Amino acid sequence: MTTTMTAQATQVYQLFIKATPEQIWDAITRPEFTSQYFHGVTIEATRDERRTYQNSELKNVSQVLEFDPPRRLVHSWLSYYDPEMAAEEPSRVTWEIAPQDEGYALLTVVHDQLEGAPKTAEGVSGPGWMMVLSGLKTLLETGKPLTSFN
Amino acid sequence: MVRMDDDDRVFKALADPTRRFLLDRLFERDGRTLTELESELEMTRFGVMKHLRVLADAGLVVTRRSGREKLHFLNPVPVRLIHDRWIHKYAERRVSALADLKTGLEETG
């Protein structure tokens, strides 16, 4: 994708997924699901913490600010995987799940408070979040991962 | 409401120059109010609202409340899905057709 935009301090992504809110909630909070679509890492979110593992090694712990299954998860974000981004201020990610008719749910992801993290904003914008969300949708709708991260 | 397999609304929304102009403004700077968007167009507030509603129905624009303001955000997901479904496929084919042509010409030349 060619893009010349300066990445935004608030980024909004929204998509319909043919799944129940509970299925989506599990897919974003439980390690057996996250490992299949989140850039090759495994994520576990509990009421207090969102932990990121790579090859069973704990890489990052972010703070869970709101935990309201199966509707709303808010947590802090730090792009720990890149030294320059990791030095920036933490930002915030909000997942909102709204049930729709016919077995669909609307998932809205808002990544904001990126004013103090321009490199992170650039890094996660567009393809960054898109890969995660496309992968999540594909996994929930087909039962298979979009890409393998081996 | 849009559905993920409902490309019609996205194509319809994109088929209008004013709506593409609004998307470009949001691409430059996201999270704008109706008043801000309106100031860049010689159009009534009602007219801009109508266009924004079509964009919202197609899922291309998402509104979020921030205090008393209603902010408009560009949602890149539908365009990405259209790209994956419609553009990428045909562009690939075109590229490979050109590659075949090149090979053919080089072989005969």
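Everything that follows concerns the structure shown earlier in this document.
The present account deals with the structure reproduced in this document.

What counts as what
Residues numbered from 1 in each chain as written. Chains lettered and ligands numbered in written order. Predicted model: local features only at pLDDT ≥ 70, side-chain atom pairs only at ≥ 80, totals over all residues. Pairing = 2+ DSSP bridges. Helix = DSSP H or I, 4+ residues; strand = E, 2+ residues; numbered from the N terminus. Axes fitted to C-alpha atoms, helices over the stretch in contact; angles between N-to-C directions. Contact = placed C-beta atoms within 7 Å. Parallel < 35°, antiparallel > 145°, perpendicular 65-115°, else oblique. Nonpolar A, V, L, I, M, F, W, Y, C, P; charged D, E, K, R; others polar.

**With respect to the sheet that holds strand β4 (residues 57-68) of chain A**
Residues and elements named next belong to chain A. Sheet architecture is open: seven strands sit in the order β1-β7-β6-β5-β4-β3-β2, paired in antiparallel fashion. With one partner strand each, in any of the chains shown, β1 (11-17) and β2 (42-45) form the two edges of the open sheet. Neighbour to neighbour, the strand axes of the sheet diverge by 20 degrees on average, direction disregarded. In this structure, β1 lies alongside strand β7 (residues 105-112), joined through seven bridges in antiparallel fashion. Bridge assignment links Q14 to a residue of β7, and that residue is T108. Strands β1, β2, β5 (72-77), β6 (91-99) and β7 of the sheet are contacted by helix α1 (residues 21-29), whose axis makes an angle of about 155 degrees with β6. The strands touched by helix α5 (residues 127-142) within the sheet are β1 and β7, with β1 carrying the most contacts at an inclination of about 15 degrees.

**Overview of the packing of helix α2 (residues 17-28) of chain B against helix α4 (residues 45-57) of chain B**
Residue and element names in this part refer to chain B. Between α2 and α4, whose axes approach to 10 Å, the crossing angle comes to 75 degrees. Looking at the two axes, α2 sits roughly perpendicular to α4. Packed against α2, whose contacting residues are T18, R19, L22 and L23, the element α4 presents H51, L52, V54 and L55 at the interface. Tallied by class, the residues present in the contact of α2 with α4 amount to five nonpolar, two polar and one charged.

**What about the interface of chain A and chain B?**
At the junction of the two partners, chain A supplies 13 residues and chain B supplies 16 residues. Elements with a minimum of two residues in the side of chain A that touches chain B: β1 and α5 of chain A. Considering each element in turn, the side of chain A that touches chain B owes the most residues, five residues, to β1 of chain A. Classifying every residue of the side of chain A that touches chain B gives seven nonpolar, six polar and no charged.

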